[in-house]
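Report on the structure
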Amino acid sequence: MDYAAAKDYLFSLKHQGPKYGIDRMRLLAERLGHPERAVPVIHVAGTNGKGSVCAMLEAIHRRAGRTVGLYTSPHLVFLGERVQLNRTPLSPGEICRYAEELRPHADALRAHNPDDHPSFFEFMTAMAFLHFARKKADLALIEVGLGGRLDATSVVQPHLCIITSIGFDHMEYLGDTLPLIAREKAGIIKPGVPVVLGWLPPEAEAAIREVAAAQRAPAHSVREVFGNDIDKYPHTRLEGSHQRINAATALLATRLLNQHLPVTEAVADAALKEVDWPARWQRLPLSNGRQLILDASHNPEGAQTLDENLTRLRAETGRAPIVLTGALGEYRARALLDVIARHAREIILLKPAQERALSPDELRKCVPASFSGPVRAGSVAEIFPKPGECTLGAPGDPIVATGSIYLIGEILEHFAHTAGAGEGRLQDRV
């Protein structure tokens, strides 16, 4: 199986659809000899901040000299980004070999029951478990795909669980109140396994603490340890006060596992100041003193951090930015555009190449009537015609692209690679 064939096969699994639950993943893990049990795991859930906290923990433990597996989703440009070992993504060759290895197991499960054939996400999760086990990782950081209780990653038996934040997103799967969403995410909590809580709304934290108490799982709150003054929280290379909360979350998790995975405070501090996680207020220089900022704020909770970052950007540059945005779902678009309209000089509406993406006309209806600047539709190819080039802005202008992570991935593909090189079709359906 060459890489093109492997991608076609994996793409075909999207039509298998997500069977929300972990029974199918349990069957696959059992056939593989339970590779998820071979490596110590930190399991991370939350509405926002999951990837950033995983990246911080990866940086901390890698700097401490460990071999660290990192499993996150979705990818930005290339499929292999989802499964990384010491921040080296799976290569096309490795993806081919794992797909060839997994396919007979999938076929056997389907022969027994067609509904048991693994989905695309379950295939990628299995690749991560196999890769980390075979490379003898010292630690695996496993990010939940969606929710927690019924997510395929919940087959793990973690040493520690983390719930970074709770907000409104994926309500059609998780529920339409914060306590309901919190209980779904708290489904990752295992009996007796400690859980770290980021900054959570009180009603969400109460719901999670109920689940933790029922599981006799010690709950450790970032607020209890670090207090309410973010200025006293750890510093990190990633920008924004929310990233300082994420840094405190990662540092608390590191301290709780220090007996088994020792890390000095100096090592952790240095790692937090060097961590790299793309598309989180990521600054890229352009010609003529312009800068491009990529930020995957895509839901109502993320819109709050976007508001803070745009306020800081305007104070820093003395200019209102040009803002590009695209979104999946009207409730997300309205939350983002309410914030964008308070800060932007011009708004450019883009449609990510995903089935559920809103068109520019649909996005335009979400722009507040109070916004008096220009609003127009655009395309990624027109705005980013070649690697390193952007057709927008005057000298010194800030240009911010925000919204769907799929849109940010398309922009990165055009700006940093070659148009058409990306693997956007290999994205999850939910």
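Please refer to the structure placed before this passage.
Residues numbered from 1 in each chain as written. Predicted model: local features only at pLDDT ≥ 70, side-chain atom pairs only at ≥ 80, totals over all residues. Heavy atoms only, no water.

The final tally for this structure, using the stated rule, is five aromatic pairs. Ring centres of Y71 and F121 lie 6.1 Å apart, and the angle between their planes is 35 degrees; this geometry places the pair in the tilted category. One end of the pair, Y71, is in strand β2 (residues 68-71); the other, F121, is in helix α5 (residues 120-134), and 50 residues separate them in sequence. Seen in terms of ring centroids, W199 and Y233 are 6.0 Å apart; in terms of plane orientation they differ by 90 degrees. Their pairing is edge-to-face. Here Y233 lies in the loop between α9 (222-226) and α10 (241-256) and W199 lies in the loop between β7 (195-197) and α8 (202-214), a separation of 34 residues in the sequence. On the accessibility criterion, W199 (21% relative accessible area) is partly exposed. Feature note: the residues W199, F226 and Y233 constitute an aromatic cluster, connected by ring pairs. R223 extends its terminal NZ or CZ atom over the ring of W199, reaching a point 4.1 Å from the ring centre. (Phe/Tyr/Trp six-rings, centres within 6.5 Å; stacked < 30°, edge-to-face > 60°. Helix = DSSP H or I, 4+ residues; strand = E, 2+ residues; numbered from the N terminus. Buried < 20%, exposed > 50% of the residue type's maximum accessible area, 1.4 Å probe, protein only. Lys NZ or Arg CZ within 6 Å of the ring centre and 35° of its normal.)

Another point: the nonpolar core. Within the largest apolar cluster, 40 residues are counted, with the highest numbers of intra-cluster contacts made by L10, Y71, L79, L102, M124, M127 and F132. For this core, the elements supplying multiple residues, two or more each, are α1 (3-12), α2 (23-31), β3 (83-85), α4 (92-112), α5 and β5 (139-143). In terms of residue count, the dominant contributor to this core is α5 (10 residues). With near-sequence residues (within four places) excluded, Y71 lies in contact with R82, V83, F121, M124, T125, A128, F132, L141, I142, E143 and T153. One finds L141, V196, Y233 and V275 within the second-largest nonpolar core, a separate group that totals 36 residues. (Core = buried A, V, L, I, M, F, W, Y, C linked by side-chain atoms within 4.5 Å. Contact = heavy atoms within 4.5 Å.)

Pairing in this open sheet of eight strands is mixed, and the strands run β4-β3-β2-β5-β1-β6-β7-β8 from one edge to the other. The open sheet has two edge strands, β4 (88-89) and β8 (219-221), and neither has a second partner. Set on the sheet, helix α3 (residues 50-63) makes contact with β1 (41-45), β2, β5 and β6 (160-163); between it and β5 the angle comes to about 170 degrees. (Pairing = 2+ DSSP bridges. Axes fitted to C-alpha atoms, helices over the stretch in contact; angles between N-to-C directions.)

All right, on to helix α7 (residues 178-185) then. L178, I181, A182, E184 and K185 are the residues of α7 that are buried. All buried residues of α7 lie within an arc of 160 degrees about the axis, which places them on one face of the element. Each element contacted by the buried residues of α7 is listed here: β1, β6, α6 (171-174) and α8. (Arc of directions from axis to C-beta.)

Take the sheet that holds strand β11 (residues 322-326) next. Judged by pairing direction, the sheet is mixed, and its six strands sit side by side in the order β9-β10-β14-β11-β12-β13 without closing on themselves. The open sheet terminates on both sides in strands that have one partner only, identified here as β9 (282-285) and β13 (375-377). This sheet shows a mean twist of 20 degrees between the axes of neighbouring strands, independent of strand direction. Two elements, strand β10 (residues 291-295) and strand β14 (residues 398-403), share five bridges in a ladder whose sense is parallel. Residue pairing for β14: I293 is matched across the bridge by V400.

Here α4 is 21 residues long and its end C-alpha atoms lie 30 Å apart, about the 30 Å a rise of 1.5 Å per residue gives. The largest bend in α4 is about 30 degrees, located at L102, with the proline P104 one to four residues further on. Buried residues of α4: E94, I95, C96, Y98, A99, L102, H105, A106 and L109, and no others. For α4, the elements touching its buried residues are α1, α2, β4 and α5. (Expected span 1.5 Å × (residues − 1). Bend = angle between axes of the 7 residues up to and from the residue.)

Take the environment of V77 next. When you line up the elements, V77 lands in the loop between β2 and β3. By relative accessible area, V77 is classed as buried at 3%. Each C-alpha atom, one on V77 and one on R66, is 27 Å from the other, the two residues being 11 residues apart in sequence. Once residues within four sequence positions are removed from consideration, V77 is found in contact with G409, L412, E413, H417, G422 and E423.

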